[in-house]
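# Remarks on the overall topology
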Amino acid sequence: MRIHEYEAKKLFREFKIPIPRGGLATSPGEAHRVAEEIGLPVTIKAQVLVGGRGKAGGIKFAEDLGEVRELSCELLDMDIKGYKVESILVEEKLEIERELYLGVTIDGSRGCPIVMVSSEGGVEIEETARNCPEKIFSREVKPSQGLRAYQARKLAKKLGFKGKPMLQLAGVISSLYQVFKSYDALMAEINPLVMTRREDLIAADGVLEIDDSALFRHPELGIEAQDRIPDELEREARKIGVSYVNMDGDIGLICSGAGLGMATMDMIREKMKPANFLETGGGMTRELMAGALRVVLKKGNLKAVFINIYGGINPIHEGAKGIADVVREENVKIPIVAKALGNLQEETWETLQGVGIKVVKETQTARAIEQLFRTLEKGCG
Amino acid sequence: MSILVKADTKVVVHGITGRIGNRQTRLMLDYGTKISAGVTPGRGGEEVWGVPVYDSVSEVIEEHSIDASLVFVPAPFAKDTCFEAMEAGVKLIVLITEHVPVHDAMEIRAMANAEEAVVIGPTTPGIIYPGKMKIGIMPGNMFCPGNVGLISRSGTLTYEIAGNLCDMGIGQSTAVGMGADPVVCTSLTQLLHMFEEDEETHLVVIVGEVGGTEEEKAAQYIKREMKKPVVAYIAGQSVPPGKRMGHAGAIVERGMGSAQSKVRVLKEAGVKVAERPTEVSELVKSILRRGL
């Protein structure tokens, strides 16, 4: 889960990473006050949880207070990649001498954190990686040892820094690693890290993505992952405890297991369009499945629902009862086709068939999808 | 033979008194798994399905010989449990638990490397030696004994593909779920290597999915060192970038980990890649028929 720039910067400051003077505003009036306090000119930045904000017009510069109000209005009215701008960060405009890139992320295949630095700040790191990979320096970090101070100094030197600025840069690199480690981050990034004309290093931007699975260790952040999901149905599904991704089709989908869910979605796509991806995870109960079907049905204009579940860790016979509850209670009229195999499959089939669900007993999901397709064709003709 | 386990591998179940631990212990005992003991701190002295429960692994090893740990404990305790098992000298750990913090997974993996232990997972369905035993949660009725090695990043999709293979009369030597988190403790390449060395395995099936670079790394190994034929399927061809599909690791971002890139590099390495899960068993059948 990504947190806002202003939240990331607050955490950066805790670890002594210098950030620009500024404040958060949710109205043009507040923006005006912040600008007055810190002095002009200012940078005004939309606080949204997606990358590519600058290119989408989410960052503005204001020379006077009139402009601050005008541009704040404009930004607070914006919607960037599906995220409504609800707050803006007003900061002193930095006098930039040069821009660097610092990032800590996880190398999944090596199973360890990796620290990256580059002299090419202010552009996307992927772009630098593509165009001039020789300008990125990186090193692995042993999870048990962390990033040592001498390792950070070595990276700072690779960017051509010497003397006091080198020590200062190494300090920021170390601190960023500390933020990454302390807050269970998947990614911590400062892009750009600005060196001002007075040779000060300041984190002009901040990205911090925290591992959802580790949020339980960070009650001090006061963040509920589900509150950060812009899509209403996705947010609701998260509260129930299932993964839901809203899509543009009309076939509702419920699967147990992400791999099976993706494979099912791929196959449905051959002839039809999935309305969603939904994966139950391994904690299936009667209530969870009832909740899952309710979320799926909330999206109007569905042509059918397709259910593909396996009884391994999941008690599918219990899940089936939840499905049956909803079909009965909500008097569901659209066709439901279900494939359910594994432990206690017979009991599961009986429950589903009891409420008129078409049960496919073959192993191949493709066959079950054919059955779904035929059912719909009949319905249309 | 099989990889990682034998018919008489002795298992300790961590979290045996929990709802899932209890139920899965019953299913494993029915399948033939030798479960020597269970561990739940504070519940020492009890029994679950006749299996004695202890407070700690060190107490277990005083009275039983143990070859493997199976972990069902809730995610916040997974790291501690794996450390405890490794410190007691257990060399194979199957970590079923979902939602283990990634930083914990990195530490577990680092300790496994240092202790020369093998940790499968997190978020794995486990290991099954069809017809003999299983350490995990897979439904036994979807698998059958044979000569295909099966490695999967997904649980339920493995069941489907194993079921398809069985329907065509093709059994499996061992099936291993490697887990689908951003950091897994045993890589696809390591598992491929084990199957390459295993005499009973004639062919390997990889069930991959979007996200990460495991398949890309494995393709290099297959091209360079593998003699046995490999068949693969990659789930998530229609996944839009930036959307996390259930598994923490199943996300296409920063231009990495798309199904298309995985399919391409695997094909370049000589792997037969199925377009749909169903096609896996057909490809396997045609290769085995040609070869035998």
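Throughout what follows, the structure given in this document is the object of discussion. (Residues numbered from 1 in each chain as written. Chains lettered and ligands numbered in written order. Predicted model: local features only at pLDDT ≥ 70, side-chain atom pairs only at ≥ 80, totals over all residues. Heavy atoms only, no water.)

## Observations concerning the overall build of chain A
A count of helices and strands for chain A gives twelve helices and 19 strands. Its C-alpha atoms give chain A principal-axis dimensions of about 75 × 50 × 40 Å. In chain A, which comprises 381 residues, the share counted as buried stands at 58%. When the accessible surface of chain A is summed, it comes to about 16400 Å², and 46% of that surface belongs to carbon and sulfur atoms. (Helix = DSSP H or I, 4+ residues; strand = E, 2+ residues; numbered from the N terminus. Buried < 20%, exposed > 50% of the residue type's maximum accessible area, 1.4 Å probe, protein only. Areas by Shrake-Rupley, 256 points an atom, 1.4 Å probe, with all protein chains shown as cover.)

## Quick look at the pairing of strand β12 (residues 203–209) of chain B
Residue and element names in this part refer to chain B. Among the seven residues in β12, seven count as buried, and that is most of the element. Residue alternation in β12 divides its side chains into two sets, L203, V205, V207 and E209 and V204, I206 and G208, and both sets are buried. Relative to β12, strand β10 (residues 145–152) runs parallel, the two sharing five bridges. Paired with V148 across the two strands is L203, which belongs to β12. (Pairing = 2+ DSSP bridges.)

## Overview of helix α10 (residues 316–329) of chain A
Residues and elements named next belong to chain A. For α10, spanning 14 residues, the distance from its first C-alpha to its last is 20 Å, which sits close to the expected 20 Å at 1.5 Å a residue. A large share of α10 lies buried, amounting to ten of its 14 residues. I316, H317, G319, A320, G322, I323, A324, D325, V326 and V327 are the residues of α10 that are buried. Buried residues along α10 sit against β15 (251–255), α9 (286–298), β17 (304–311), β18 (336–342) and α11 (345–353). (Expected span 1.5 Å × (residues − 1). Contact = heavy atoms within 4.5 Å.)

## Observations regarding the state of the cysteines
All names here are of chain B. The full count for this structure, using the stated rule, is one disulfide over all chains. The partner cysteine of C144 in its disulfide is C166, sulfur to sulfur 2.4 Å. Measuring handedness by torsion sign, the sulfur bridge of C144 and C166 sits at about -115 degrees and is left-handed. Taken together, the residues C144 in the loop between β9 (133–136) and β10 and C166 in helix α5 (residues 156–167) connect sequence positions 22 residues apart. Of the residues examined, C144 reaches a relative accessible area of 19% and is grouped as buried. With no disulfide partner, C82 has as its closest neighbouring cysteine sulfur the one in C185, 7.1 Å distant. (Disulfide = S-S within 2.5 Å.)

## Focus on the sheet that holds strand β14 (residues 272–274) of chain B
One open sheet accounts for seven strands, arranged β9-β8-β11-β10-β12-β13-β14 (chain B); its pairing is mixed. Of all strands in the sheet, those with a lone pairing partner are β9 and β14 of chain B, marking the two edges. Taking each pair of neighbouring strands and ignoring which way they run, the sheet shows an average axis angle of 15 degrees. Packed onto the sheet, helix α8 (residues 258–268) of chain A meets β12 and β13 (230–235) of chain B and runs at close to 80 degrees relative to β13 of chain B. Against the sheet, helix α8 (residues 259–268) of chain B touches β12, β13 and β14 of chain B, its axis set at about 170 degrees to β13 of chain B. (Axes fitted to C-alpha atoms, helices over the stretch in contact; angles between N-to-C directions.)

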